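Coordinate analysis (summary)
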Amino acid sequence: MFSELKFPVPWGHVAAKAWGPLEGYPVLCLHGWLDNANTFDKLIPLLPRDCYYVAMDFSGHGLSSHRPAGSPYHFLDYVSDVRRVAAALQWRRFTLMGHSMGGCVAGMFCFLYPEMVDKLILLENLGFLLGPEDTEAWLKSKRMVIDRLLSLEAKQQTPKARSPEAALQRLLEANRHLTAEGGAILLQRGATETPAAQSRVLHGRTVCEAPAEDPGPCSHHYVSEAQAKPTPAASLQPWLEGMKSTRWTLGTAQPRQHKSLCESPVGSV
């Protein structure tokens, strides 16, 4: 017998099914590409009965919610799904069992959170292999992305309604370069009027307060104080001179060669 589980996430829920006693040793099972938790229906009854097996559906698979329309399914997002489920189950250390793509996800999770995994079981997969160059920095940055994202989500609060005047004041405080006139123009599309028509809710942005050496999940938006300083014209001169003496030809760029990290035969899942 098994039980159905649901774990809330910002876009809906992650579904899972569980077998065994709650007090049993925790084992998290990850399915393959385009599969779902039912992958393990025939296998779990053959395994030791003193474990608590949880087979999750990755986002967009099985009974789990799909991500919002237009949102791609990045590989690291599946690793984040695993971290979310482990947090919801309050598991600090457990065994990971992954099949095919699930093995890739399990391998990456082990790299990022080695202290949380005691055993890794791979079915029809080699795991996740990293090249030796910059491995430590790469792993640190990816773990930071997941941890910071979950931390920000945990701090999310219900948007606060303000009077039109207070909404404008809040916008000006957060954007000191704006004039009152400019702020009022932005608020026409940057705030939602409440039913009472006397207050507005700002369309807020998530603010990542990260030090320069710790960019967090918004690293592609984050600029350090040093980077934000104007570049002296003198330091640009050598670069400009080089541009003048360089002959540019379209279509000559050579693509970087990437080796697949989790290649599998066509048709395997």
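Right, let's walk through the structure included here. If you're wondering where the values come from, they're calculated on a predicted model, not measured in any experiment.

If you tally the helices and strands in the chain, you get 7 helices and 9 strands. Considering the chain as a whole, with its 269 residues, one finds that 35% of them fall into the buried category. Summing over all exposed atoms, the chain offers an accessible surface of approximately 17,900 Å²; the carbon and sulfur share of this is 57%.

Attention now goes to the nonpolar core. In this structure, L28, L30, V54, M56, V82, L96 and F109 are the most contacted members of the largest nonpolar core, which totals 35 residues. Mapped by element, the contributors of at least two residues to this core are β1 (2-9), β2 (12-19), β3 (25-30), β4 (51-56), α1 (75-89), β5 (94-99), α2 (101-112) and α3 (135-154). Residue contributions to this core peak at 7 residues, all from α2. Beyond its immediate stretch of four places on either side in the chain, L28 contacts V54, M56, V82, V85, W91, F94, T95, L96 and M97.

So, about the side chain of S64. Tracing the backbone through its elements, the reader meets S64 in the loop between β4 and α1. Judged by relative accessible area, which is 4%, S64 ranks as buried. A polar contact of 2.8 Å, which involves the side chain of S64, links it to the backbone nitrogen of A15. Apart from residues no more than four positions distant in its own chain, S64 is found in contact with H13, V14, A15, D57, F58 and S59.

It is worth spelling out α3 at this point. Along its 20 residues, α3 runs 29 Å from first to last C-alpha, staying within 8% of the 28 Å computed at 1.5 Å per residue. Residues of α3 that are buried: L139, M144, I146, R148, L150 and L152. Packed against the buried residues of α3 are α1 and α2.

What follows covers unusual backbone geometry. Even without being a glycine, L34 presents a positive backbone phi close to 65°. Even without being a glycine, Q90 presents a positive backbone phi close to 60°. In this structure, Q90 sits in the loop between α1 and β5.

Attention now goes to the sheet that holds β2. Consider a sheet: its strands pair through backbone hydrogen bonds, and that pairing is either parallel or antiparallel. Here 6 strands make up an open sheet; going across it, the order is β1-β2-β4-β3-β5-β6 and the pairing mixed. Whereas interior strands pair on both sides, the edge strands pair on one side only; in this sheet they are β1 and β6 (117-123). The average undirected angle you get between the axes of adjacent strands in this sheet is 25°. As paired strands, β5 and β6 are joined by 6 bridges and run parallel to one another. Its bridge partner lying in β6, M97 is registered against I121. The sheet strands contacting α2 are β3, β5 and β6, and the helix crosses β5 at an angle near 145°.

Below, the discussion takes up the pairing of β2. Among the 8 residues that make up β2, 7 are buried, leaving the element largely enclosed by the rest of the structure. Between β1 and β2, which follow one another and run antiparallel, lie 2 residues. Both β2 and β4 contribute to a ladder of 4 bridges, which runs antiparallel. When the sheet's bridge partners are listed, W19 is paired in β4 with Y53.

Quick look at the pattern of salt bridges now. Tallying each qualifying case throughout the model produces 5 salt bridges. A salt bridge links R67 to D81; the nearest nitrogen and oxygen atoms lie 3.2 Å apart. Separated by 14 residues along the polypeptide, R67 in the loop between β4 and α1 and D81 in helix α1 bring together distant segments of the chain. Judged by relative accessible area, which is 14%, R67 ranks as buried. The salt bridge partner of D118 is K119, with a shortest N-O separation of 3.6 Å. Taken together, the salt bridges that share partners define one network made up of E115, R143 and D147.

In this section: the environment of C29. Structurally, C29 is set in strand β3. Taking the C-alpha atoms as reference, C29 lies 9.3 Å from D57; in sequence the two are 28 residues apart. Discounting chain neighbours no more than four positions away, the residues touching C29 are F40, I44, Y53, V54, A55, M56 and M97.

This brings us to the packing of α1 against α2. Working note: a packed helix pair is described by the angle between its axes plus the distance between those axes. One can describe the packing of α1 onto α2 by two numbers: an axis separation of 9 Å at closest approach and a directional angle of 70°. Comparing the axis directions of α1 and α2 gives the class roughly perpendicular. As for the relative orientation of α1 and α2, their crossing is right-handed in sense. Residue-level contacts link F75, L76, Y78, V79, V82 and R83 of α1 to M101, C104, V105, M108, F109 and L112 of α2. When its residues are assigned to classes, the contact of α1 with α2 shows 11 nonpolar, no polar and 1 charged.

Rules used in this analysis
Residues numbered from 1 in each chain as written. Predicted model: local features only at pLDDT ≥ 70, side-chain atom pairs only at ≥ 80, totals over all residues. Heavy atoms only, no water. Helix = DSSP H or I, 4+ residues; strand = E, 2+ residues; numbered from the N terminus. Buried < 20%, exposed > 50% of the residue type's maximum accessible area, 1.4 Å probe, protein only. Areas by Shrake-Rupley, 256 points an atom, 1.4 Å probe, with all protein chains shown as cover. Core = buried A, V, L, I, M, F, W, Y, C linked by side-chain atoms within 4.5 Å. Contact = heavy atoms within 4.5 Å. Polar contact = N/O pair within 3.5 Å; in protein donor to acceptor, adjacent residues only side chain to side chain. Expected span 1.5 Å × (residues − 1). Pairing = 2+ DSSP bridges. Axes fitted to C-alpha atoms, helices over the stretch in contact; angles between N-to-C directions. Salt bridge = Lys/Arg side-chain N within 4 Å of Asp/Glu carboxyl O. Parallel < 35°, antiparallel > 145°, perpendicular 65-115°, else oblique. Left-handed = near helix turned anticlockwise from the far one by under 90°. Nonpolar A, V, L, I, M, F, W, Y, C, P; charged D, E, K, R; others polar.

The values reported here are purely geometric and, on their own, carry no functional implication.
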